[in-house]
Number of protein chains: 2
Amino acid sequence: MALAHKGLAVETIPWRFTDKGAIAFSGQGRVPVVQDGERALSDSLAIAYDLEARYGDRPSLFGGVGGEALVRFLNNWADGVLHPALVRLIIADVWTILAEQDRAYFRTSREARFGAALEAVQRDRGEAVIGFRKMLEPLRATLGAQPYLGGAAANYADYIVFGAFQWARVTSSFPLLEADDPIVVWRERLLDAFDGLARQVPAASAP
Amino acid sequence: MALAHKGLAVETIPWRFTDKGAIAFSGQGRVPVVQDGERALSDSLAIAYDLEARYGDRPSLFGGVGGEALVRFLNNWADGVLHPALVRLIIADVWTILAEQDRAYFRTSREARFGAALEAVQRDRGEAVIGFRKMLEPLRATLGAQPYLGGAAANYADYIVFGAFQWARVTSSFPLLEADDPIVVWRERLLDAFDGLARQVPAASAP
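Being a predicted model, the structure only gives us computed values, none of them experimental. (Residues numbered from 1 in each chain as written. Chains lettered and ligands numbered in written order. Predicted model: local features only at pLDDT ≥ 70, side-chain atom pairs only at ≥ 80, totals over all residues. Heavy atoms only, no water.)

Draft legend 1. Broad picture of the pattern of salt bridges. Residue and element names in this part refer to chain A. Evaluated as defined, the whole model comprises 22 salt bridges over all chains. Note that Glu137 and Arg140 form a salt bridge whose closest N and O atoms lie 2.9 Å from each other. Highlighted residues: Glu137 and Arg140, both in helix α7 (residues 137-145), separated by three residues, approximately one helical turn. Bridged by salt links that share partners, the residues Asp36, Arg39, Asp50 and Arg54 form one connected network. (Salt bridge = Lys/Arg side-chain N within 4 Å of Asp/Glu carboxyl O. Helix = DSSP H or I, 4+ residues; strand = E, 2+ residues; numbered from the N terminus.)

Draft legend 2. Quick peek at the relation of the copies chain A and chain B. Mapping chain A onto chain B calls for a screw motion: a turn of 180 degrees about the axis and a shift of 0.0 Å along it, with 0.0 Å RMSD after fitting. The transformation just described matches what one would write down for a two-fold rotation axis. Within chain A, the C-alpha atom positioned nearest to the axis of rotation is that of Gly67 of chain A, 1.9 Å from it. In this assembly, 100% of the residues forming the interface of chain A have copies in chain B that are likewise at the interface, indicating an isologous arrangement. (Least-squares fit on C-alpha atoms with pLDDT ≥ 70 in both. Contact = heavy atoms within 4.5 Å.)

Draft legend 3. Spotlight on helix α2 (residues 44-54) of chain A. Every buried residue of α2 of chain A is accounted for by Leu45, Ile47, Ala48, Tyr49, Asp50, Leu51 and Glu52 of chain A. Turning to α2 of chain A, the residues buried within the fold contact α1 (2-5), β1 (33-36), β2 (39-42), α3 (65-96) and α8 (156-171) of chain A. (Buried < 20%, exposed > 50% of the residue type's maximum accessible area, 1.4 Å probe, protein only.)

Draft legend 4. The arrangement of the environment of Arg187 of chain A in detail. All names here are of chain A. Counting through the fold element by element, Arg187 comes out in helix α9 (residues 182-196). When the C-alpha positions of Arg187 and Gln166 are compared, they lie 8.7 Å apart, and in sequence the two are 21 residues distant. Among all residues touching Arg187, those that are not within four sequence positions of it are Phe162, Phe165 and Leu177.

Draft legend 5. Up close: helix α8 (residues 156-171) of chain B. Residues and elements named next belong to chain B. Helix length check: α8, at 16 residues, gives a terminal C-alpha distance of 23 Å against a target of 22 Å (1.5 Å per residue), a fit within 8%. Taking the largest bend as the criterion, α8 deviates by roughly 30 degrees, centred on Phe162. In terms of residue burial, α8 counts as a mostly covered element, since 13 of its 16 residues are buried. N-cap assignment for α8: the residue whose side-chain oxygen lies 3.0 Å from the backbone N of Ala157 is Asn155. (Expected span 1.5 Å × (residues − 1). Bend = angle between axes of the 7 residues up to and from the residue. Polar contact = N/O pair within 3.5 Å; in protein donor to acceptor, adjacent residues only side chain to side chain.)

What follows is the structure, given as C-alpha coordinates:
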(Lines give C-alpha, C1' and ligand atoms only; values in the text may rest on other atoms or scores of the structure.)
Protein backbone atom coordinates (compact mmCIF):
# COMPACT_ATOMS: atom_id res chain seq x y z
CA MET A 1 0.00 0.00 0.00
CA ALA A 2 2.88 2.37 0.81
CA LEU A 3 4.58 1.62 -2.51
CA ALA A 4 1.30 2.18 -4.39
CA HIS A 5 0.78 5.42 -2.41
CA LYS A 6 4.15 6.59 -3.74
CA GLY A 7 3.20 5.45 -7.24
CA LEU A 8 6.27 3.27 -7.50
CA ALA A 9 6.42 0.41 -9.98
CA VAL A 10 7.27 -2.76 -8.10
CA GLU A 11 7.69 -6.43 -8.72
CA THR A 12 6.33 -8.57 -5.89
CA ILE A 13 7.76 -11.97 -5.11
CA PRO A 14 5.66 -14.69 -3.44
CA TRP A 15 7.45 -15.99 -0.37
CA ARG A 16 7.05 -18.71 2.26
CA PHE A 17 8.04 -18.72 5.94
CA THR A 18 10.70 -21.37 5.48
CA ASP A 19 12.24 -19.76 2.41
CA LYS A 20 14.81 -17.79 4.39
CA GLY A 21 17.37 -18.04 1.61
CA ALA A 22 15.30 -15.84 -0.72
CA ILE A 23 15.58 -12.87 1.68
CA ALA A 24 19.07 -13.54 3.01
CA PHE A 25 20.30 -10.55 0.97
CA SER A 26 18.42 -8.34 3.45
CA GLY A 27 20.64 -9.47 6.29
CA GLN A 28 17.75 -10.87 8.33
CA GLY A 29 14.98 -13.44 8.07
CA ARG A 30 11.64 -11.64 8.20
CA VAL A 31 9.32 -9.96 5.70
CA PRO A 32 8.61 -7.36 4.45
CA VAL A 33 11.82 -6.84 2.53
CA VAL A 34 12.26 -4.24 -0.20
CA GLN A 35 15.10 -4.16 -2.68
CA ASP A 36 15.59 -0.75 -4.27
CA GLY A 37 18.56 -0.64 -6.61
CA GLU A 38 21.51 -1.85 -4.55
CA ARG A 39 19.80 -1.31 -1.22
CA ALA A 40 17.87 -3.86 0.81
CA LEU A 41 15.52 -2.73 3.54
CA SER A 42 13.42 -4.60 6.08
CA ASP A 43 10.87 -3.66 8.77
CA SER A 44 7.66 -1.99 7.56
CA LEU A 45 8.11 1.31 9.37
CA ALA A 46 11.79 1.62 8.43
CA ILE A 47 10.80 0.99 4.80
CA ALA A 48 8.08 3.66 4.99
CA TYR A 49 10.47 6.22 6.49
CA ASP A 50 13.01 5.42 3.79
CA LEU A 51 10.42 5.74 1.00
CA GLU A 52 9.37 9.13 2.34
CA ALA A 53 12.98 10.35 2.43
CA ARG A 54 13.92 9.00 -1.00
CA TYR A 55 10.71 9.87 -2.82
CA GLY A 56 9.85 13.17 -1.18
CA ASP A 57 8.48 14.61 -4.43
CA ARG A 58 5.71 11.99 -4.49
CA PRO A 59 2.54 11.94 -2.31
CA SER A 60 3.53 12.03 1.36
CA LEU A 61 3.04 8.93 3.48
CA PHE A 62 2.82 10.98 6.68
CA GLY A 63 1.53 14.47 5.92
CA GLY A 64 4.40 16.30 7.57
CA VAL A 65 6.89 15.88 10.41
CA GLY A 66 4.18 15.60 13.09
CA GLY A 67 2.51 12.66 11.38
CA GLU A 68 5.87 11.05 10.67
CA ALA A 69 6.70 11.14 14.38
CA LEU A 70 3.29 10.20 15.78
CA VAL A 71 2.86 7.25 13.43
CA ARG A 72 5.46 5.48 15.53
CA PHE A 73 2.98 5.42 18.42
CA LEU A 74 0.32 3.93 16.16
CA ASN A 75 2.83 1.39 14.86
CA ASN A 76 3.71 0.36 18.40
CA TRP A 77 -0.01 0.09 19.25
CA ALA A 78 -0.52 -2.12 16.19
CA ASP A 79 2.48 -4.32 17.03
CA GLY A 80 1.87 -4.52 20.76
CA VAL A 81 -1.92 -4.42 21.11
CA LEU A 82 -3.71 -5.05 17.82
CA HIS A 83 -1.62 -7.91 16.40
CA PRO A 84 -1.31 -9.92 19.64
CA ALA A 85 -5.10 -9.79 20.09
CA LEU A 86 -5.78 -10.58 16.45
CA VAL A 87 -3.41 -13.52 16.13
CA ARG A 88 -5.22 -15.37 18.92
CA LEU A 89 -8.44 -15.30 16.88
CA ILE A 90 -7.09 -16.78 13.66
CA ILE A 91 -3.79 -18.58 14.31
CA ALA A 92 -5.09 -22.08 13.52
CA ASP A 93 -6.80 -20.78 10.37
CA VAL A 94 -3.50 -19.34 9.22
CA TRP A 95 -1.92 -22.77 9.58
CA THR A 96 -4.57 -24.41 7.38
CA ILE A 97 -3.70 -22.27 4.35
CA LEU A 98 0.06 -22.76 4.59
CA ALA A 99 2.00 -24.80 2.09
CA GLU A 100 3.00 -28.24 3.34
CA GLN A 101 6.66 -27.30 3.78
CA ASP A 102 5.78 -24.39 6.11
CA ARG A 103 3.34 -26.17 8.40
CA ALA A 104 5.73 -27.85 10.82
CA TYR A 105 7.89 -24.73 11.18
CA PHE A 106 4.86 -22.53 11.78
CA ARG A 107 3.18 -24.87 14.26
CA THR A 108 6.32 -25.54 16.26
CA SER A 109 7.46 -21.91 16.49
CA ARG A 110 4.00 -20.51 17.29
CA GLU A 111 3.00 -23.23 19.74
CA ALA A 112 6.24 -22.59 21.62
CA ARG A 113 5.37 -18.88 21.74
CA PHE A 114 1.80 -19.43 22.98
CA GLY A 115 2.50 -22.46 25.12
CA ALA A 116 -0.53 -24.18 23.62
CA ALA A 117 -1.75 -25.94 20.48
CA LEU A 118 -2.81 -23.53 17.72
CA GLU A 119 -6.35 -24.91 17.86
CA ALA A 120 -6.50 -24.31 21.62
CA VAL A 121 -5.33 -20.70 21.24
CA GLN A 122 -8.27 -19.76 19.01
CA ARG A 123 -10.85 -22.13 20.57
CA ASP A 124 -12.61 -19.47 22.66
CA ARG A 125 -12.61 -16.87 19.90
CA GLY A 126 -16.38 -16.50 19.96
CA GLU A 127 -15.89 -14.81 23.33
CA ALA A 128 -12.42 -13.38 22.75
CA VAL A 129 -13.62 -11.39 19.74
CA ILE A 130 -15.73 -9.26 22.10
CA GLY A 131 -12.57 -8.05 23.81
CA PHE A 132 -10.90 -7.62 20.43
CA ARG A 133 -13.69 -5.33 19.25
CA LYS A 134 -13.53 -3.34 22.48
CA MET A 135 -9.76 -2.97 22.05
CA LEU A 136 -10.44 -1.35 18.67
CA GLU A 137 -12.42 1.49 20.24
CA PRO A 138 -9.75 4.21 19.71
CA LEU A 139 -9.67 3.27 16.02
CA ARG A 140 -13.47 3.13 15.80
CA ALA A 141 -13.95 6.50 17.50
CA THR A 142 -11.39 8.10 15.19
CA LEU A 143 -12.99 6.68 12.05
CA GLY A 144 -16.35 7.87 13.34
CA ALA A 145 -14.99 11.44 13.25
CA GLN A 146 -12.94 11.43 10.03
CA PRO A 147 -12.67 9.18 6.94
CA TYR A 148 -9.11 7.97 7.58
CA LEU A 149 -6.47 7.97 10.30
CA GLY A 150 -4.58 10.21 7.86
CA GLY A 151 -7.56 12.62 7.74
CA ALA A 152 -9.46 13.26 4.52
CA ALA A 153 -7.27 10.79 2.63
CA ALA A 154 -5.50 7.59 3.60
CA ASN A 155 -1.83 7.60 4.48
CA TYR A 156 0.71 5.27 6.07
CA ALA A 157 -1.14 5.36 9.40
CA ASP A 158 -4.10 3.71 7.70
CA TYR A 159 -1.92 1.15 5.94
CA ILE A 160 -0.37 0.05 9.24
CA VAL A 161 -3.74 -0.92 10.68
CA PHE A 162 -5.22 -2.08 7.40
CA GLY A 163 -2.31 -4.50 7.01
CA ALA A 164 -3.51 -6.40 10.07
CA PHE A 165 -7.04 -6.69 8.68
CA GLN A 166 -5.77 -7.69 5.26
CA TRP A 167 -3.65 -10.45 6.81
CA ALA A 168 -6.74 -11.71 8.64
CA ARG A 169 -8.88 -11.42 5.50
CA VAL A 170 -6.63 -13.63 3.38
CA THR A 171 -5.99 -16.24 6.07
CA SER A 172 -9.32 -16.61 7.88
CA SER A 173 -13.05 -16.33 7.27
CA PHE A 174 -13.74 -15.67 10.97
CA PRO A 175 -15.83 -12.46 11.24
CA LEU A 176 -13.69 -10.00 13.20
CA LEU A 177 -16.10 -7.06 13.04
CA GLU A 178 -19.84 -6.60 13.31
CA ALA A 179 -21.48 -5.54 10.06
CA ASP A 180 -22.40 -2.06 11.30
CA ASP A 181 -18.93 -1.27 12.66
CA PRO A 182 -17.54 1.98 11.14
CA ILE A 183 -14.24 0.14 10.80
CA VAL A 184 -15.86 -2.07 8.12
CA VAL A 185 -16.61 0.95 5.92
CA TRP A 186 -13.02 2.14 6.24
CA ARG A 187 -11.67 -1.34 5.49
CA GLU A 188 -13.79 -1.59 2.36
CA ARG A 189 -12.52 1.79 1.16
CA LEU A 190 -8.94 0.62 1.57
CA LEU A 191 -9.72 -2.61 -0.28
CA ASP A 192 -10.93 -0.38 -3.13
CA ALA A 193 -7.86 1.91 -3.04
CA PHE A 194 -5.32 1.87 -5.86
CA ASP A 195 -7.77 0.16 -8.25
CA GLY A 196 -8.57 -2.54 -5.74
CA LEU A 197 -4.96 -3.56 -5.13
CA ALA A 198 -5.61 -5.28 -1.80
CA ARG A 199 -8.87 -6.85 -2.98
CA GLN A 200 -7.00 -8.64 -5.76
CA VAL A 201 -5.71 -11.04 -3.12
CA PRO A 202 -8.56 -13.51 -2.57
CA ALA A 203 -10.21 -13.62 0.83
CA ALA A 204 -10.09 -16.91 2.70
CA SER A 205 -13.13 -19.04 2.11
CA ALA A 206 -15.07 -20.66 4.92
CA PRO A 207 -13.71 -24.12 5.83
CA MET B 1 0.61 23.53 27.56
CA ALA B 2 -1.04 24.14 24.16
CA LEU B 3 -1.50 27.82 24.96
CA ALA B 4 2.11 28.11 26.09
CA HIS B 5 3.23 26.26 22.94
CA LYS B 6 1.47 28.96 20.92
CA GLY B 7 3.07 31.65 23.07
CA LEU B 8 -0.31 33.12 23.96
CA ALA B 9 -0.74 35.29 27.02
CA VAL B 10 -3.52 33.83 29.14
CA GLU B 11 -5.24 34.43 32.43
CA THR B 12 -6.12 31.19 34.23
CA ILE B 13 -9.08 30.95 36.59
CA PRO B 14 -9.16 28.43 39.46
CA TRP B 15 -12.33 26.38 39.25
CA ARG B 16 -14.17 23.72 41.26
CA PHE B 17 -16.37 20.82 40.06
CA THR B 18 -19.53 22.28 41.54
CA ASP B 19 -18.95 25.78 40.22
CA LYS B 20 -20.93 25.21 37.03
CA GLY B 21 -22.08 28.82 36.93
CA ALA B 22 -18.56 30.09 36.27
CA ILE B 23 -18.39 28.19 32.94
CA ALA B 24 -22.04 28.51 31.93
CA PHE B 25 -20.98 31.01 29.25
CA SER B 26 -19.42 28.05 27.39
CA GLY B 27 -22.81 26.40 26.96
CA GLN B 28 -21.80 23.24 28.81
CA GLY B 29 -20.54 22.14 32.23
CA ARG B 30 -17.07 20.66 31.83
CA VAL B 31 -13.52 21.98 31.74
CA PRO B 32 -11.33 22.91 29.95
CA VAL B 33 -13.01 26.07 28.73
CA VAL B 34 -11.23 28.81 26.84
CA GLN B 35 -12.58 32.29 26.26
CA ASP B 36 -10.89 34.07 23.37
CA GLY B 37 -12.40 37.47 22.69
CA GLU B 38 -16.12 36.88 22.22
CA ARG B 39 -15.73 33.15 21.60
CA ALA B 40 -16.03 30.38 24.16
CA LEU B 41 -14.62 26.94 23.40
CA SER B 42 -14.67 23.67 25.30
CA ASP B 43 -13.19 20.18 24.82
CA SER B 44 -9.38 19.95 24.78
CA LEU B 45 -8.99 18.65 21.23
CA ALA B 46 -11.51 21.12 19.79
CA ILE B 47 -9.61 23.92 21.54
CA ALA B 48 -6.30 22.69 20.13
CA TYR B 49 -7.70 22.49 16.59
CA ASP B 50 -9.11 25.99 16.97
CA LEU B 51 -5.82 27.38 18.27
CA GLU B 52 -3.98 25.87 15.31
CA ALA B 53 -6.44 27.41 12.84
CA ARG B 54 -6.51 30.85 14.48
CA TYR B 55 -2.82 31.12 15.31
CA GLY B 56 -1.30 29.42 12.30
CA ASP B 57 1.66 31.80 12.25
CA ARG B 58 2.81 30.55 15.65
CA PRO B 59 4.57 27.22 16.38
CA SER B 60 2.44 24.34 15.11
CA LEU B 61 0.69 22.09 17.61
CA PHE B 62 0.55 19.18 15.14
CA GLY B 63 3.42 19.48 12.67
CA GLY B 64 1.25 19.32 9.56
CA VAL B 65 -2.02 17.82 8.37
CA GLY B 66 -0.95 14.24 9.01
CA GLY B 67 -0.22 14.91 12.67
CA GLU B 68 -3.40 16.94 13.03
CA ALA B 69 -5.43 13.96 11.80
CA LEU B 70 -3.57 11.18 13.61
CA VAL B 71 -3.62 12.99 16.94
CA ARG B 72 -7.32 12.13 17.09
CA PHE B 73 -6.38 8.46 17.43
CA LEU B 74 -4.01 9.29 20.28
CA ASN B 75 -6.68 11.43 21.90
CA ASN B 76 -9.17 8.56 21.73
CA TRP B 77 -6.58 6.20 23.16
CA ALA B 78 -5.96 8.63 26.03
CA ASP B 79 -9.69 9.07 26.70
CA GLY B 80 -10.69 5.44 26.27
CA VAL B 81 -7.67 3.48 27.52
CA LEU B 82 -5.23 5.65 29.50
CA HIS B 83 -7.65 7.70 31.59
CA PRO B 84 -10.00 4.83 32.57
CA ALA B 85 -7.01 2.78 33.76
CA LEU B 86 -5.43 5.74 35.54
CA VAL B 87 -8.53 6.91 37.37
CA ARG B 88 -8.88 3.53 39.09
CA LEU B 89 -5.45 3.98 40.67
CA ILE B 90 -6.01 7.39 42.26
CA ILE B 91 -9.73 8.16 42.49
CA ALA B 92 -9.91 8.15 46.29
CA ASP B 93 -6.75 10.29 46.48
CA VAL B 94 -8.40 12.84 44.20
CA TRP B 95 -11.33 13.05 46.63
CA THR B 96 -9.05 13.81 49.57
CA ILE B 97 -7.69 17.00 48.02
CA LEU B 98 -11.07 18.41 46.99
CA ALA B 99 -12.62 21.41 48.68
CA GLU B 100 -15.39 20.57 51.10
CA GLN B 101 -18.16 21.78 48.78
CA ASP B 102 -17.04 19.44 45.96
CA ARG B 103 -16.67 16.25 47.96
CA ALA B 104 -20.27 15.02 48.03
CA TYR B 105 -20.79 15.78 44.33
CA PHE B 106 -17.59 14.02 43.34
CA ARG B 107 -18.15 10.96 45.54
CA THR B 108 -21.78 10.49 44.50
CA SER B 109 -21.22 10.95 40.77
CA ARG B 110 -18.06 8.78 40.62
CA GLU B 111 -19.35 6.02 42.90
CA ALA B 112 -22.44 5.77 40.67
CA ARG B 113 -20.14 5.46 37.65
CA PHE B 114 -17.93 2.76 39.20
CA GLY B 115 -20.63 1.00 41.19
CA ALA B 116 -18.32 0.97 44.21
CA ALA B 117 -16.92 3.18 46.94
CA LEU B 118 -13.96 5.29 45.80
CA GLU B 119 -11.73 3.57 48.33
CA ALA B 120 -12.76 0.15 46.99
CA VAL B 121 -11.99 1.17 43.40
CA GLN B 122 -8.34 1.93 44.16
CA ARG B 123 -7.86 -0.68 46.91
CA ASP B 124 -6.04 -3.22 44.70
CA ARG B 125 -3.87 -0.61 42.98
CA GLY B 126 -0.65 -2.28 44.07
CA GLU B 127 -1.56 -5.04 41.60
CA ALA B 128 -3.57 -2.94 39.14
CA VAL B 129 -0.59 -0.68 38.48
CA ILE B 130 1.18 -3.62 36.83
CA GLY B 131 -1.53 -3.74 34.15
CA PHE B 132 -1.43 0.05 33.92
CA ARG B 133 2.28 -0.01 33.16
CA LYS B 134 1.80 -2.74 30.56
CA MET B 135 -0.97 -0.70 28.93
CA LEU B 136 1.57 2.11 28.49
CA GLU B 137 3.84 -0.03 26.32
CA PRO B 138 3.03 1.71 22.99
CA LEU B 139 3.94 5.03 24.65
CA ARG B 140 7.07 3.57 26.23
CA ALA B 141 8.29 1.98 23.00
CA THR B 142 7.76 5.24 21.13
CA LEU B 143 9.64 7.31 23.71
CA GLY B 144 12.42 4.74 23.60
CA ALA B 145 12.89 5.58 19.90
CA GLN B 146 12.42 9.36 19.88
CA PRO B 147 12.38 12.15 22.50
CA TYR B 148 8.69 13.07 22.11
CA LEU B 149 5.51 11.77 20.50
CA GLY B 150 5.84 14.88 18.34
CA GLY B 151 9.37 13.83 17.31
CA ALA B 152 12.42 15.91 18.16
CA ALA B 153 10.27 18.46 20.00
CA ALA B 154 7.06 18.21 22.00
CA ASN B 155 3.72 19.02 20.40
CA TYR B 156 0.05 18.59 21.19
CA ALA B 157 0.32 14.79 21.05
CA ASP B 158 2.67 14.96 24.03
CA TYR B 159 0.44 17.37 25.91
CA ILE B 160 -2.55 15.03 25.59
CA VAL B 161 -0.74 12.23 27.39
CA PHE B 162 1.20 14.49 29.73
CA GLY B 163 -2.10 15.99 30.91
CA ALA B 164 -3.09 12.63 32.37
CA PHE B 165 0.20 12.34 34.25
CA GLN B 166 0.01 15.93 35.46
CA TRP B 167 -3.51 15.33 36.80
CA ALA B 168 -2.22 12.29 38.68
CA ARG B 169 0.84 14.20 39.93
CA VAL B 170 -1.16 16.98 41.54
CA THR B 171 -3.83 14.73 43.05
CA SER B 172 -1.95 11.64 44.22
CA SER B 173 1.45 10.57 45.51
CA PHE B 174 0.93 6.99 44.33
CA PRO B 175 3.93 5.95 42.18
CA LEU B 176 2.52 5.25 38.72
CA LEU B 177 5.84 4.48 37.04
CA GLU B 178 8.99 2.63 37.95
CA ALA B 179 12.01 4.89 38.34
CA ASP B 180 13.81 3.52 35.27
CA ASP B 181 10.80 3.84 32.96
CA PRO B 182 11.65 5.94 29.84
CA ILE B 183 8.27 7.62 30.35
CA VAL B 184 9.66 9.21 33.54
CA VAL B 185 12.40 11.01 31.60
CA TRP B 186 9.86 12.34 29.11
CA ARG B 187 7.51 13.44 31.90
CA GLU B 188 10.32 15.33 33.62
CA ARG B 189 11.19 17.11 30.39
CA LEU B 190 7.60 18.25 30.00
CA LEU B 191 7.53 19.41 33.61
CA ASP B 192 10.54 21.55 32.70
CA ALA B 193 9.01 22.90 29.48
CA PHE B 194 7.98 26.55 29.19
CA ASP B 195 10.11 27.56 32.19
CA GLY B 196 8.66 24.84 34.36
CA LEU B 197 5.03 25.81 33.77
CA ALA B 198 3.58 22.44 34.83
CA ARG B 199 6.01 22.04 37.73
CA GLN B 200 4.72 25.27 39.27
CA VAL B 201 1.64 23.34 40.34
CA PRO B 202 2.69 21.51 43.51
CA ALA B 203 2.73 17.73 43.45
CA ALA B 204 0.47 15.94 45.93
CA SER B 205 2.28 15.07 49.13
CA ALA B 206 2.11 11.62 50.69
CA PRO B 207 -0.83 11.27 53.08
